[in-house]
Structures are given as C-alpha cells and as structure tokens.
Amino acid sequence: MYEKMKARLEKIVPDVELRYKAEIAVEINELKKQKNAVILGHNYMEPALFYSVPDFTGDSLDLSRKAAQTDKDIIVFCGVRFMAETAKILNPSKTVLLPAEKAGCSLAESITAEDVHALKAKFPGVPVVTYVNTYADVKAESDICCTSSNAAAVVESLHSDTVIFLPDEYLAKNVANETGKHIIFPTLAPQPPLPQAGEGVKGGEGQLDYQLIGWHGRCEVHEKFTVKDIEAVRAQFPDVVVLSHPECSPEVVAASNFSGSTNAMIRYVQQTKAPRYLVLTECAMGDNIAAANPEKDMLRLCMVRCPHMNTITMEETRDALKFNRYVIDVPEEIRVRAYRAVQRMLEIG
Ligand code: SF4
C-alpha cells in the first residue's frame, strides 16, 4: 500500500505522512472486506484517502449513481452529511455510515423544509428544483433534484416558464445565465398581493414574467474566490487556464476559461494540453488533480478550505467501519418523497 500511494503522491504528501496513512489504509481495506462494505470518496477528500481506500470516487452525481447500484451491506460515505443522506434515500435497506458526525455544509444549512413550504405557498404550482446540497426533508418538498453537472438540463427538462431553484444563489444565477432566464430572490415576509397579469412592474418581485426564483444560500468556500484573485494569478502566470466551480459568483465564472462540476474540471485538465491551471474549488481537489497529472502545474488558492469535508479523515473512516458509526437514518415518510426527487434527477443523467 505504501508503494502504491508513494507512486501517486510522493510529490504531494510528505513521506512520513504517507507511511503512517498507508498503515491505516491497510486496516480500512481489511475492515471493508470483513464487513462487506463499499467506500465512496468525494473529489474533495484529502489525497492520501482519495487514492487509497475508496472503491469509487467522483462528484455528488456520480456517487449517487454508485450508491444506487451497490450490492454491499454497508456504504461508507467519505463526504458530507447530505451526500450520505442521499445514499440512504436510494438504499433504505443498507447501513450508511458517515465517518464524521458533524460533516455539514453551509448550503444545506441555508434552507429548511418550512422555507420551501413558504415558497410553494407564495408561488403555487411552480416546480421546485433543489440542489443535492440539501437535507432530506428539503429534498422531500421538491419536484426534482440537481447537481452542478446537470443543473441547467434539469431546469430545462421541466419545460416550465418559471422554476423555483434552491438554495445556492450563485449556482442559480449561473444557471439563469446559461439558460437565458432572469432571476429574482423573493422575500418571505408578508407582502402586498401579487399583481394580476399585465399589472407587473418590470424588474421587481411583483412582475409576473420572472423565470427563476432563487434563494440566498452560499457555499462558504466558493463564495470567497474573487475576480481579483484571478487577475493576480494571471498577472504572475499569463498562460494560466482558470477553472471555476459553478458555486462561485457569476463574475468569477465569467472571468474563468471554464466552469463546471468537480468531475467536469477533472476531465477538462485531462483533455487539454495547457501547462498550467488555476483550480478554484476546494484545495484538496487541486492536490488530487495534480497527483493524476504530474506533467501539469496545478495552482490552487488554499487559504479557504471546506471545514466540513476536512473532518473526514482516514482515522475517522477506519473507526466508522470498526465501530459502525455514524449511522445515517432518514424517516421513511421523508425518504419516499425525497427518493422521487432524487430518482427523477438520476433519470435525466
Ligand atoms: S465545499 Fe461548500 S458546498 Fe461543498 S460541502 Fe463544503 S460548504 Fe458545502
């Protein structure tokens, strides 16, 4: 295991850390066999974990598909809580374990099922799309889920003039730009009645021709990248190719050469020949891409880390299998409704 990890990671992870983590990886793989478990590893996992123990790695969409297909008894989700919940929604009879109990997400915490209820009451009949970065009770209130790889396709699949798109403000604005829709961010405080057709005031919440209705959730990592960051890196490395995640602001996305989900960014680096890239997403993914593409320079701005993804360590993953913790449960009444929204998304691809 040490040799295998060293071959991939010797330029990324110090040798002493590699030796220590290789021993834990051996323990994890042994436990995995004994317990008939599968380990899913999100692209944001630290390199030593990412390249040693997961049976499958990828973005939320990929891993949701893998979770739907597994025949193992236990799913260990090396990611955050909403991802493990999605695996449970798709696999009610299996045990789903999240290695760190408090691995949350600022987006998932930005909205509640009551908020979605209130939006549906305010905009009756308007279909609700929720990003997978939400908890099960919010998914249960939705018509369909989406990820950053299929958000625009999901919105377009609804063939609806107006769509409620929750909860990421920046992803919603980027989808609005991509699909040519305009967007409003409603207040849920009591408002005067909406005007009837023909009475709307252009540009305001009262107008009737709004097309995307958003929410002010943000990813606490991606919201921190700025156009100034890109300019500063370009001043130093004029040939740099800038890749940003669609949870970044529309200004950052516009200033980038490419914007896409974590998997799309990985593919972009594999398939293009540029010598140098700036990866505007969680820093660990920059490490993982650098390890897979040693002939390319991967610049990353690591001053911002995801405090939730970082709680998933190799030690916690081993202990999850050893002590059967932390078990993810979703009440059945919520699960069946959330399942419909997730399954509908998986059918779109
Ligand atoms: S990187 Fe952002 S969206 Fe992903 S888990 Fe962390 S806070 Fe949530």
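Source: prediction; values computed, not measured.

Criteria and cut-off values
Residues numbered from 1 in each chain as written. Predicted model: local features only at pLDDT ≥ 70, side-chain atom pairs only at ≥ 80, totals over all residues. Heavy atoms only, no water. Phe/Tyr/Trp six-rings, centres within 6.5 Å; stacked < 30°, edge-to-face > 60°. Buried < 20%, exposed > 50% of the residue type's maximum accessible area, 1.4 Å probe, protein only. Pairing = 2+ DSSP bridges. Helix = DSSP H or I, 4+ residues; strand = E, 2+ residues; numbered from the N terminus. Axes fitted to C-alpha atoms, helices over the stretch in contact; angles between N-to-C directions. Contact = heavy atoms within 4.5 Å. Polar contact = N/O pair within 3.5 Å; in protein donor to acceptor, adjacent residues only side chain to side chain. pLDDT = per-residue confidence, 0-100. Right-handed = clockwise from strand over helix to strand, strands pointing away. Arc of directions from axis to C-beta. Salt bridge = Lys/Arg side-chain N within 4 Å of Asp/Glu carboxyl O. Lys, Arg positive; Asp, Glu negative; His and termini not counted. Disulfide = S-S within 2.5 Å.

A. Local environment of the packing of aromatic side chains. Taken as a whole and assessed by the stated rule, the structure comprises 2 aromatic pairs. Taken together, a centroid distance of 5.0 Å and an interplanar angle of 85° make the contact between Phe 50 and Tyr 51 edge-to-face. One exposure class covers both Phe 50 and Tyr 51, and it is buried.

B. Quick look at the sheet that holds strand S1 (residues 37-42). Spatial strand order, S2-S1-S3-S4: 4 strands in an open sheet with parallel pairing. Across the chains shown, the open sheet's two edge strands, defined by having one partner strand only, are strand S2 (56-58) and strand S4 (95-97). Geometrically, the sheet is characterised by an average inter-axis angle of 20° between neighbouring strands, direction not taken into account. Examined bridge by bridge, strand S3 (residues 74-78) and S4 share 3 bridges and lie parallel to one another. The residue bridging Ile 75 from the neighbouring strand is Val 96, located in S4. Those strands touched by helix H5 (residues 81-90) are S1, S3 and S4, and its axis lies near 155° from that of S3.

C. Spotlight on the environment of Ile 348. Its place among the elements puts Ile 348 in helix H15 (residues 332-348). When residues no more than four places from it in sequence are discounted, the contact partners of Ile 348 are Ile 144, Ala 153, Val 154 and Ser 157.

D. Here's a closer look at helix H9 (residues 169-179). Across the 11 residues of H9, 8 count as buried, placing the element largely inside the fold. Buried within H9 are the following residues: Glu 169, Tyr 170, Leu 171, Ala 172, Asn 174, Val 175, Ala 176 and Thr 179. The secondary structure elements touched by the buried residues of H9 are strand S5 (128-131), helix H8 (151-157), strand S7 (163-166), strand S8 (183-184), strand S9 (212-213) and helix H11 (250-255). Measuring from the backbone nitrogen of Tyr 170 back to the side-chain oxygen at the start of H9 gives 2.9 Å, which picks out Asp 168 as the cap.

E. Summary view of the sheet that holds S7. Pairing is parallel across the open sheet formed by 5 strands, whose spatial order is S6-S5-S7-S9-S8. The sheet terminates laterally at strand S6 (144-146) and S8, the two strands that pair on one side only. Here S5 pairs with S7 via 3 bridges, running parallel. Within S7, the residue paired with Val 128 across the bridge is Ile 164.

F. Spotlight on the confidence of the model for the protein. On average, residues of the protein carry a pLDDT of 92, and 94% of them reach 70 or more. Confidence drops under a pLDDT of 50 for residues 195-208, and excluding neighbours within four residues, the segment shows 21 contacts in the predicted structure.

G. Highlighting the pairing of strand S13 (residues 297-300). Alignment of strand S12 (residues 276-280) against S13, held across 4 bridges, turns out to be parallel. Pairing of Leu 278 across the sheet is with Leu 299, part of S13. The handedness of the S12 to S13 crossover, carried by helix H13 (residues 283-292), is right-handed.

H. Representation of helix H10 (residues 227-236) in the model. Of the positions making up H10, those classed as buried are Asp 229, Ile 230 and Val 233. Here the buried residues of H10 occupy an arc of 95° about the axis, which is enough to place them on one side. More than 90 degrees from the buried face of H10, the exposed residues found are Lys 228 and Ala 235. Residues of H10 that are buried sit in contact with strand S10 (241-244), H11, S12 and S13.

I. Region of the structure containing the pattern of salt bridges. Applying the stated rule across the entire model yields 19 salt bridges. For Arg 218, the salt bridge is made with Glu 169, and the minimal N-O distance between the two is 3.2 Å. Of this pair, Arg 218 sits in the loop between S9 and H10 while Glu 169 is found in helix H9, placing the two residues 49 residues apart along the sequence. The exposure class of Arg 218 is partly exposed, given its relative accessible area of 29%. Of the charged contacts, one joins Arg 305 and Glu 282 as a salt bridge, the two residues approaching to 3.1 Å between their closest N and O atoms. On the criterion of sequence distance, the pair formed by Arg 305 in the loop between S13 and helix H14 (314-323) and Glu 282 in the loop between S12 and H13 is long-range, its members being 23 residues apart. Given the relative accessible area of 34%, Arg 305 is considered partly exposed. Shared partners join several salt bridges into a network, and the residues in it are Glu 27, Glu 316, Arg 318, Asp 319 and Arg 325.

J. Main features of the side chain of Asp 59. Tracing the backbone shows Asp 59 in the loop between S2 and helix H4 (60-69). No salt bridge is formed by the buried Asp 59; its nearest oppositely charged neighbour, Arg 267, is found at 6.4 Å.

K. Fine view of the state of the cysteines. Scanning the model with the defined rule gives 1 disulfide in all. Here Cys 283 connects covalently by a disulfide to Cys 302, the sulfurs 1.6 Å from one another. In this structure the cystine formed by Cys 283 and Cys 302 twists about its S-S bond by roughly 60°; its chirality is therefore right-handed. Separated by 19 residues along the polypeptide, Cys 283 in helix H13 and Cys 302 in the loop between S13 and H14 bring together distant segments of the chain. Of the residues examined, Cys 283 reaches a relative accessible area of 4% and is grouped as buried. By relative accessible area, which is 33% here, Cys 302 ends up partly exposed. You can see Cys 145 has no disulfide; the closest cysteine sulfur is in Cys 146, sitting 7.5 Å from it. With no disulfide partner, Cys 248 has as its closest neighbouring cysteine sulfur the one in Cys 219, 7.9 Å distant. Residue classification places Cys 248 among the buried residues on the basis of a relative accessible area of 0%.

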